[in-house]
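# A look at the structure
The primary structure of each chain is shown beneath.
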Amino acid sequence: MGNLIAKLLGTSKGPKQLTKNPKVTEADQAVLELKLVRDEIERYKKRIMAMMDVETETARKLAQEGRRERALIVLKKKKLQSKAIEDSDSKLTQIEELVHGLETAAQNKMMFDAIKIGRDALVNLQKEVNSEGVECLMLDTREALEQQRCVSPRKLFIHLPSLGNLAHRLPAWSAASRVPSLRNSAKWTRTP
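Numbers given for residues are sequential positions, taken from 1 along each chain in its written order. Under the rules for a predicted model, residues below a pLDDT of 70 receive no local features and side-chain atom pairs below 80 are neither given nor counted, while totals for whole chains, interfaces and linings still include all residues. Computation of side-chain values covers all heavy atoms of the structure but excludes hydrogens and water.

So, on to the overall build of the protein chain. Scanning the protein chain for helices and strands turns up 7 helices and 2 strands. Runs of E in the DSSP output that reach at least two residues are strands. Runs of H or I that reach at least four are helices, and both are numbered from the N terminus. Each helix and strand of the protein chain, ordered N terminal to C terminal, gives the series α-α-α-α-α-β-α-α-β. Only protein chains enter the area calculation, which uses a 1.4 Å probe; residues under 20% of their type maximum are buried, those over 50% are exposed, and those in between are partly exposed. Taken across its 192 residues, the protein chain has 13% of its residues classed as buried. Residue contacts follow a heavy-atom distance rule, with two residues in contact if any of their heavy atoms lie within 4.5 Å. At a minimum sequence separation of 6, the contacts of the protein chain that also span at least 24 residues come to 63%. Accessible areas in this description were obtained via Shrake-Rupley with a 1.4 Å probe; residue shielding takes into account the shown protein chains only. Within the structure as shown, the protein chain displays about 16,200 Å² of accessible surface, and the carbon and sulfur contribution to it stands at 59%.

Right, let's get into a nonpolar patch on the surface. A cluster of nonpolar side chains, Val129, Val134 and Met138, forms an exposed patch at the surface whose accessible area comes to about 260 Å². With respect to the element layout, Val129 can be found in the loop between helix H4 (68-128) and helix H5 (131-150). Assessed through its relative accessible area of 55%, Val129 is described here as exposed. Patch membership needs two things, relative accessible area over 30% and no salt bridge, and members are linked within 9 Å if like-charged or within 5 Å if nonpolar (Val, Leu, Ile, Met, Phe, Trp, Tyr). Should a side-chain nitrogen of Lys or Arg be within 4 Å of a carboxyl oxygen of Asp or Glu, the pair is scored as a salt bridge.

Here we take up the pattern of salt bridges. Applying the stated criterion across every chain yields a total of 10 salt bridges. Where Arg60 meets Glu57, a salt bridge forms, and the shortest distance between an N and an O atom there is 2.9 Å. Of this pair, Arg60 and Glu57 both sit in helix H3 (residues 26-65), 3 residues apart, roughly one helical turn. Judged by its relative accessible area of 39%, Glu57 is partly exposed. One connected set of salt bridges, linked through shared partners, spans Arg38, Asp39 and Glu96.

Right, let's talk about the nonpolar core for a bit. Counting residues in each nonpolar core, the largest one holds 6 residues, listed as Val31, Leu34, Ile41, Leu92, Ile95 and Val99. Those residues in contact with Leu34, other than ones at most four positions away along the chain, are Ile95, Leu98, Val99 and Leu102. The criterion is simple. A nonpolar core is a set of buried Ala, Val, Leu, Ile, Met, Phe, Trp, Tyr and Cys residues joined through side-chain atoms within 4.5 Å.

Time to look at the packing of H3 against H4. Whenever a helix is involved, its axis is fitted only over the stretch in contact; in every case the axis is a line through C-alpha atoms, and angles between N-to-C directions fall within 0 to 180 degrees. One can describe the packing of H3 onto H4 by two numbers: an axis separation of 9 Å at closest approach and a directional angle of 160°. Judged on the interaxial angle alone, H4 and H3 are roughly antiparallel. In this structure, H3 crosses over H4, and the sense of that crossing is left-handed. Of the residues in the contact of H3 with H4, the class split is 23 nonpolar, 4 polar and 13 charged. Orientation categories follow fixed angle ranges, with anything under 35 degrees roughly parallel, anything over 145 roughly antiparallel, 65 to 115 roughly perpendicular, and all other angles oblique. When the near helix sits turned anticlockwise from the far one by under a right angle, the crossing is termed left-handed; a clockwise turn instead gives a right-handed crossing. Ten residues, namely Ala, Val, Leu, Ile, Met, Phe, Trp, Tyr, Cys and Pro, are considered nonpolar, four, namely Asp, Glu, Lys and Arg, are considered charged, and the remaining ones, Gly among them, are considered polar.

This paragraph deals with the confidence of the model for the protein chain. Known as pLDDT, the predictor's confidence for each residue is given on a scale from 0 to 100. When pLDDT is averaged across the protein chain, the result is 76; 67% of the residues are at 70 or more. Every residue in residues 173-192 scores below 50 in pLDDT, and together they form 23 contacts with partners more than four places removed in sequence or on other chains.

Attention now goes to the environment of Glu42. Topologically, Glu42 is positioned in helix H3. In this structure, the C-alpha to C-alpha distance between Glu42 and Ile85, residues 43 residues apart in sequence, is 9.6 Å.

Turning our eyes to something else, we now look at H3. With 40 residues, H3 extends 58 Å between its outermost C-alpha atoms, agreeing within 8% with the 58 Å of an ideal straight helix rising 1.5 Å per residue. Among the residues of H3, those classed as buried are Val31, Leu34, Arg38, Ile41, Lys45, Ile48, Met52, Glu55, Ala59 and Leu62. Looking at the buried residues of H3, the elements they touch are H4. With its phi angle positive at about 95°, Gly66 sits one or two positions after the end of H3. What a helix is expected to span follows from its residue count: subtract one and scale by 1.5 Å.

As structure tokens, this is what we get:
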């Protein structure tokens, strides 16, 4: 099947030739860009989380030292950073949905192309096997069957040694058991 597809696509070395020099499509480029943005957002999120941990410790120390106003400012800053993390989480979700959608669309396109190639191959094969050839083949088959029916069972004769000699040797068995013994001792020949 792979050779058939390779022939249809015009390559001589088969399906391996198709994968050696893959082209980067716009969809591939878009997926790559989205994944790069996703990675950048994840790094940003990690930096913010590290800063939040530091600010939590700073607010705790300021509260212990009695500098409550300064501790409240640090906690407000932490709250803003928490909101930034939530925003980056929603952006990550959107990016993942886009990447999934693009990859699914690319797979669907590949499947569509494969189906199209298969359909074209089927059309080409159907052109090679035209209806006249099939009708001619069916007519030849019918004629062969008719000739086979003409050969009647009456033209086949069984030559047995004299049945009289065999009759006194056979024990008194049922008729069904005699037939195999007669056939084993008989010479089956076909006469014209």
